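The primary structure of each chain is shown beneath.
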Amino acid sequence: DWHGSDAAYRADKLRILGLPGVRSSVLNARDTVLAAAARTAPDPAFYGGPDGWDATPEGISYRGGPPAVRTGELPLRGEHNALNLCAALAALGAAGVAAPPLPAGLAGFAGLPHRLEVVADADGVVWVDDSISTTPESTLAALASFADRDVVLLAGGHDRGQDYAALARELAARRAVVIGLPATGGRLVEAARAAGLAGDRTLEAVDLPAAVALARGLAGSGAAVLLSPAAPSYNAYRNFEDRGDHFRALLQPALRLGDADRLGP
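Quantities reported herein were computed from a predicted structural model and do not represent experimental measurements. (Residues numbered from 1 in each chain as written. Predicted model: local features only at pLDDT ≥ 70, side-chain atom pairs only at ≥ 80, totals over all residues. Heavy atoms only, no water.)

Draft legend 1. A look at the overall build of the protein chain. What the protein chain contains, in helices and strands, is eight helices and 11 strands. Scaling as 2.2 N^0.38, a compact globule of 265 residues should have a C-alpha radius of gyration of about 18 Å, and the protein chain matches this with 20 Å. Taken along the three principal axes of its C-alpha coordinates, the protein chain extends 60 × 45 × 35 Å. Long-range pairs, those at least 24 residues apart, make up 65% of the contacts in the protein chain between residues at least 6 apart in sequence. (Helix = DSSP H or I, 4+ residues; strand = E, 2+ residues; numbered from the N terminus. Rg over C-alpha atoms; globule rule 2.2 N^0.38 Å. Contact = heavy atoms within 4.5 Å.)

Pasting the structure below:
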């Protein structure tokens, strides 16, 4: 909201490519805006496409070759994180640095807190802190990262006028359970219902403790309860870390799930 519009935000970010001293640029080939910007970008190198490092269902490969890292060897979940690795490898190449041996070069790597962080696992239900997700796009990436599980999504926060239509459509397609948090959770719940998600799979909670209590009764074995708010935290918390820490605290000591009816797949 500081930039005033999405167009202004993109223009300000792309301006970095033209600053003095920028001698090369590493760009996501899957992004049409960046592909267009490459016409004037200094010495562009692409990842996420067949001409460089790319993320495929099998893993990370270079120029269509065999996987240098197989999907099961990646330390972080999700295609977006696989593409981040591709970006890092492409940046090394642009700087003239040889890629480390793979997958050995990833040994010991651990993600940062609040980024698809599994903070509890009880009765077959994983509880995931993705409080860093403050946009609908990042929450879509989080959902895609748990494509193999039913999802109970806890979402909502400070309202900066973001469009939830695409997120709502994906939630309806996944038949997810959505628990809306103030202040934008109500808008997301309404959008999900408009997209076809059944009313009994869309609820609202007055705060995070109430949302966690609801999720305990609704998440069946094999599900993921995902705090991925698709909104900033400032209406209720100091920052996203504070929100994620509260989520973790609510799950301690070990979860005891109630006897309420569970929603199936």
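So much for the structure itself; the text now carries on.
Draft legend 2. The arrangement of the packing of helix α4 (residues 136-145) against helix α5 (residues 165-174) in detail. Where α4 contacts α5, the axes come no closer than 9 Å and their chain directions differ by 20 degrees. Between α4 and α5, the crossing angle belongs to the class labelled roughly parallel. α4 and α5 meet at a crossing whose hand is left-handed. For the pair formed by α4 and α5, the contact residues are P136, T139, L140, L143 and A144 on the first element and A166, L167, E170, L171 and R174 on the second. Classifying every residue of the contact of α4 with α5 by side-chain character gives seven nonpolar, one polar and two charged. (Axes fitted to C-alpha atoms, helices over the stretch in contact; angles between N-to-C directions. Parallel < 35°, antiparallel > 145°, perpendicular 65-115°, else oblique. Left-handed = near helix turned anticlockwise from the far one by under 90°. Nonpolar A, V, L, I, M, F, W, Y, C, P; charged D, E, K, R; others polar.)

Draft legend 3. Representation of the nonpolar core within the structure. Grouped together as the largest cluster of nonpolar side chains are 24 residues, with contacts concentrated most on F146, L153, L167, L171, L188 and L226. Within the residue set of this core, elements represented by two or more residues are β7 (125-129), α4, β8 (151-155), α5, α6 (185-194) and β11 (224-227). If you tally residues by element for this core, the top one is α5, at four residues. Once residues lying within four places of it in the same chain are set aside, the contact partners of L167 are P136, T139, L140, L143, L188 and A230. (Core = buried A, V, L, I, M, F, W, Y, C linked by side-chain atoms within 4.5 Å. Buried < 20%, exposed > 50% of the residue type's maximum accessible area, 1.4 Å probe, protein only.)

Draft legend 4. How the structure looks around the pairing of strand β9 (residues 177-180). By the alternation rule, side chains of β9 split into V177 and I179 and V178 and G180, which are all buried. Crossover handedness for the path β8 to α5 to β9: right-handed. After leaving β9, the chain enters α6 and then returns to the sheet as strand β10 (residues 202-204), a path that is right-handed. (Right-handed = clockwise from strand over helix to strand, strands pointing away.)

Draft legend 5. Quick look at the packing of aromatic side chains. On inspection of all chains with the given rule, the structure shows two aromatic pairs. Plain terms: the ring middles of W53 and Y62 are 5.0 Å apart, the flat faces sit at 45 degrees to each other, and that makes the pair tilted. Overall, Y62 belongs to the partly exposed group, its relative accessible area being 39%. Between W127 and F247 the ring centres are 6.5 Å apart and the planes differ by 45 degrees, which places this aromatic pair in the tilted class. With W127 in strand β7 and F247 in helix α8 (residues 240-250), this residue pair connects regions lying 120 residues apart in the sequence. The class for W127 is buried, based on a relative accessible area of 0%. Under the relative-accessibility criterion, F247 is labelled buried at 0%. A cation sits over an aromatic face here: R77 above F146, 4.2 Å from the ring centre. (Phe/Tyr/Trp six-rings, centres within 6.5 Å; stacked < 30°, edge-to-face > 60°. Lys NZ or Arg CZ within 6 Å of the ring centre and 35° of its normal.)

Draft legend 6. Summary view of the pairing of β7. Burial within β7 is extensive, with five of its five residues counted as buried. Of the two faces of β7, the one carrying V125, W127 and D129 and the one carrying V126 and V128 are both buried. Pairing analysis gives five bridges linking strand β6 (residues 117-122) to β7, with the strands arranged antiparallel. Across the sheet, residue E117 finds its bridge partner in β7, namely D129. (Pairing = 2+ DSSP bridges.)

Draft legend 7. Structural context of the packing of α5 against α6. Orientation of α5 relative to α6, taken along the N-to-C sense of each, is 55 degrees, at an axis distance of 8 Å. By the angle between their axes, α5 is oblique relative to α6. Crossing hand, α5 versus α6: right-handed. Contacts between α5 and α6 pair L167, A168, L171 and A172 from the former with L188, A191 and A192 from the latter.

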